[in-house]
Amino acid sequence: MAAVLAATTLTQDWLQTYPEELRRVLGQVARRSGQPMYVAGGPVRDWLLGLAARDLDLTVPSGAVACAREVNALLGGAFVLLDEKEDVARVVWQGFTLDFSGFRNHSTTIEDDLGQRDFTINAMAVPIASDSCALASLMVIDPFGGVDDLAHKWIRATAVANLLADPLRLLRAHRFSATLGFAIEPLTEAAIAAHGELLSDPAMERVSYELGLIMASARAWQTISRMAQTGLLWVVFPELAAGRGLAQPTSHHLDVFEHSLEALRCLEQVLLEPERYFPGQGNLFREMTQGKPAILLKWAALFHDLGKPQTHRLAEEKITFYNHDQAGAAIFEGIAERLRWPKDDRNRVARLIGLHMWPFHLSNARLRTGISRKACLRLVKAVGDDLAGLFLLAMADSLAGQGAGKPQGMEENLAALMHEVHGVYVEHIQPVFSSPPLITGHDLIVYFALEPGPVFKEILDGLVVAQVEGQVVDRKQALAWVEMFLKVRVELPP
C-alpha cells in the first residue's frame, strides 16, 4: 500500500539554534555533494514537540560516510565510522553528535527511506538548504502520520516487518514509551508480544543501553510492568519469571514477582519525596534521588528478591526464604555480566541486593534491645557509600508489602533506625574513619614483633571498634589495647 504524503509546519527554523559554523558547513557539504540532505528522525520529532535537540540525524541518498568525513575535516571534530557497508558514520564536535546515514535498503526517495524506519514518530524529515545556513523548508515530510501519532501520543510501527528487521526495536518501543510518556499503539504492541522471543538476537550491549534509558525515565515501573504483560520482560530477564505465582508469608499481599514490581513503583515514589518517608532527614538522600545512583537503586528494587524462588521452603505450612538476599545477589551478578554492565555498577547493585534485609534485622534488634555503636559500624562498613540508598531500598520494600501479617509501624521504625545510625556515624564513626590510624601494621611489627598475617586485620579492625565505642581515644591507649588483646589471645585455649 503506497504511503500518503502528509506534511505539517515547524514553528521555527530549529537549525538556527545550532552554531553558525556547523550550519554553514552542512550547507557547504550538501552543495558539494550535489544531492539533497535532510534532518530526519529524532530531532524532527523533538522539534515538533517544541524541544531543542542537541544532536542531529542527517540523511542523504548515498555517500553518507564521505559527507561525514568532509564535515569532520571542515569542523575539526572526531570522526567515527559506524558501519561502512550500511553507509553510516558519526561526527562529534563541540558536544554535538552528528549521525550521517545513506538512504536505507537502496531507497531512492526520502519517503522510501523513512518507510524503513522503526516508528512513525521517527519517520519524518526536513530538508537542509544547500545555499544557506538554514532549513530549506519548515514543512515536515511525514508520509506515515507521525505528526498525528505525536498528537495522540502513540508509539506506532511504520510496519511490522520493520520491527522484525531489527528486533531491538521491540524494546525500543517500550523505551520511547518510557521516555516520552506515550502509549504503544495496540497493533504494534500485539506484534511485540507475538515476536518477543526475537529480542534474544541483538547484542546484549544494545539491549542494556535501551534498558538503561527505561530505568532512567520517570516511568520505569509502568514500562517494566507493560513489558511483563507483553512477555518481553521474560525474554530479557527469564530469572524474574520464577517469582510469578510464588506465594509469600502473610506480611505480603503479592507474589514474589508482583512484589518486586511494587517495590520498584514504591521506590520511584520515595525518590520523589524522601522527606515524606524519612521526616527531617530529606537532605541525607539528595545525592541518591537522581542520576546514576537513582537508576541503580531502581535496578536493586526490581531484583531485590531474585533469590526467593531458589530459597523457597515450606515447613509446617510456614513459608521461608532464608538467605534469599545472598542468593539473589549471586543471581544478579550473572544478569549483570550477561548485560555487559560496568564492574562498579554490578558490584553496587549486587551489594544492595545482598544487604537489603539488614535494615529490617537491625530494626527488630533495635526494638528488642537497642543497637550498639558496633552494630552501626558493621552496617556502615558493609554498605560503604550506599547507606542512604540501602534505606531507600528498604523503605520501598516495606511499602510494597502490605499483608495482614505485617508488623505495625515498620516504615516509621526504618526511618527512626536511619536517624539513629546516621547519628552514630556522624558522632562516632566518621571521626575515626577521617583520622589517621592510631596504630599501623608497621607498629605491630616494631612494637609487638608480630609477623604480617590475618591477625593484623583482626587487630586493626578490633581497634577501630574500640575507638568507635569510646574505649580507645589516643595512641597510648591503642598500644595498651593491642597488648591486652594479644595477652588474652595467648591465654585462650587452642
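Preceding this paragraph is the structure being described.
All values derive from a computational prediction rather than experimental measurement.

> Mind laying out the overall build of the chain, listing which residues take part and the relevant values?
Counting its regular elements, the chain contains 25 helices and twelve strands. Taken over the C-alpha trace, the chain has a radius of gyration of 29 Å; the compact-globule value for 494 residues is 23 Å, which it surpasses by more than 25%. Across the 494 residues that make up the chain, the buried fraction comes to 51%. Here the contacts in the chain between residues at least 6 apart in sequence split such that 69% fall between residues at least 24 apart. When the accessible surface of the chain is summed, it comes to about 23200 Å², and 53% of that surface belongs to carbon and sulfur atoms.

> Requested: an account of a nonpolar patch on the surface, with residues and values cited.
On the surface, a cluster of nonpolar side chains totalling about 300 Å² of accessible area is made up of Ile445, Val446 and Tyr447. Checked against the element boundaries, Ile445 lands in helix 23 (residues 441–448). The exposure class of Ile445 is partly exposed, given its relative accessible area of 41%.

> A description of the packing of helix 9 (residues 204–216) against helix 10 (residues 220–230) should follow, citing residues and the corresponding values.
The geometry of a pair of packed helices is captured by two quantities: the angle between their axes and the separation between those axes. Contact geometry of helix 9 with helix 10 gives a least axis separation of 7 Å together with a crossing angle of 130 degrees. The angle between the axes of helix 9 and helix 10 places the two elements in the oblique class. Here Leu211, Ile214 and Met215 of helix 9 lie close against helix 10, whose contacting residues are Ala220, Thr223, Ile224 and Met227. Of the residues contributing to the contact of helix 9 with helix 10, the split by class is six nonpolar, one polar and no charged.

> Provide a residue-level description of the side chain of His304, including the pertinent values.
Relative to the helices and strands, His304 is located in the loop between helix 15 (291–303) and helix 16 (308–311). Here Ala301 takes part through its backbone oxygen, which lies 2.6 Å from a polar atom of the side chain of His304. Of the polar contacts made by the side chain of His304, one reaches the side chain of Asp305; its length is 3.1 Å. For His304, the contacting residues outside a window of four places in its chain are His259, Ser260, Ala263, His324, Ile353, His356 and Asp397.

> Can you lay out the pattern of salt bridges for me, pointing to particular residues and giving the numbers?
When charged atoms on two side chains of opposite charge get close, those side chains can pair. Counted according to the given criterion, the structure contains 28 salt bridges. For Asp305, the salt bridge identified is with Lys308, shortest N-O distance 3.1 Å. Given a relative accessible area of 5%, Lys308 falls into the buried group. The salt bridge partner of Glu458 is Arg489, with a shortest N-O separation of 4.0 Å.

> Now, about helix 19 (residues 358–369): what can you tell me, with residues and values included?
Relative to the 16 Å expected for twelve residues at 1.5 Å per residue, helix 19 spans 16 Å between its end C-alpha atoms, a close match to the ideal helical length. Within the span of helix 19, buried status applies to Trp358, Pro359, Phe360, Leu362, Ser363 and Ala365. Taken together, the buried residues of helix 19 touch helix 18 (343–355), helix 20 (373–383), helix 21 (387–399) and helix 22 (410–434). Note on helix 19: the residue one or two positions beyond its end, Gly370, has a positive phi of about 85 degrees.

> Any chance you could break down the packing of aromatic side chains for me, citing the residues and the numbers?
In this structure the tally under the stated criterion is 13 aromatic pairs. Geometrically, the ring pair formed by Trp481 and Phe485 is stacked, given 5.5 Å between the ring centres and 20 degrees between the ring planes. Residue Trp481 and its partner Phe485 are located together in helix 25 (residues 475–491), separated by four residues, close to a single helical turn. Each member of the pair, Trp481 as well as Phe485, is classed as buried. Taken together, the aromatic side chains of Phe237, Trp299, Phe303, Phe332 and Trp341 make up a single cluster linked through ring pairs. Over the ring of Phe176 we find Arg175, and its NZ or CZ is 4.4 Å from the ring centre. The residue whose ring lies beneath Arg265 is Trp221, and the NZ or CZ to ring-centre distance is 6.0 Å.

> Explain the layout of surface pockets residue by residue, including any values.
Considering only enclosed or pocket space, the largest pocket measures out at about 1700 Å³ in volume. If you list the elements that add at least two residues to the lining of the largest pocket, you get helix 2 (42–48), strand 3 (56–60), strand 4 (78–83), strand 5 (88–93), strand 6 (96–102), helix 6 (160–165), helix 7 (168–180) and helix 9. If one sorts the elements of the lining of the largest pocket by residue count, helix 7 sits on top with seven residues. Residues belonging to the lining of the largest pocket are distributed by class as follows: 15 nonpolar, eleven polar and 20 charged. Quantified by volume, the second largest pocket comes out at close to 870 Å³.

How each quantity is defined
- Residues numbered from 1 in each chain as written.
- Predicted model: local features only at pLDDT ≥ 70, side-chain atom pairs only at ≥ 80, totals over all residues.
- Heavy atoms only, no water.
- Helix = DSSP H or I, 4+ residues; strand = E, 2+ residues; numbered from the N terminus.
- Rg over C-alpha atoms; globule rule 2.2 N^0.38 Å.
- Buried < 20%, exposed > 50% of the residue type's maximum accessible area, 1.4 Å probe, protein only.
- Contact = heavy atoms within 4.5 Å.
- Areas by Shrake-Rupley, 256 points an atom, 1.4 Å probe, with all protein chains shown as cover.
- Patch = residues over 30% accessible without salt bridge, like charges linked within 9 Å, V, L, I, M, F, W, Y side chains within 5 Å.
- Salt bridge = Lys/Arg side-chain N within 4 Å of Asp/Glu carboxyl O.
- Axes fitted to C-alpha atoms, helices over the stretch in contact; angles between N-to-C directions.
- Parallel < 35°, antiparallel > 145°, perpendicular 65-115°, else oblique.
- Nonpolar A, V, L, I, M, F, W, Y, C, P; charged D, E, K, R; others polar.
- Polar contact = N/O pair within 3.5 Å; in protein donor to acceptor, adjacent residues only side chain to side chain.
- Expected span 1.5 Å × (residues − 1).
- Phe/Tyr/Trp six-rings, centres within 6.5 Å; stacked < 30°, edge-to-face > 60°.
- Lys NZ or Arg CZ within 6 Å of the ring centre and 35° of its normal.
- 1 Å grid on protein atoms, 1.4 Å probe; cavity = no way out; pocket = protein on both sides within 12 Å on 5 of 7 lines; lining within 4 Å.
- Points joined across faces, edges and corners; volume = space filled by probe spheres on them.

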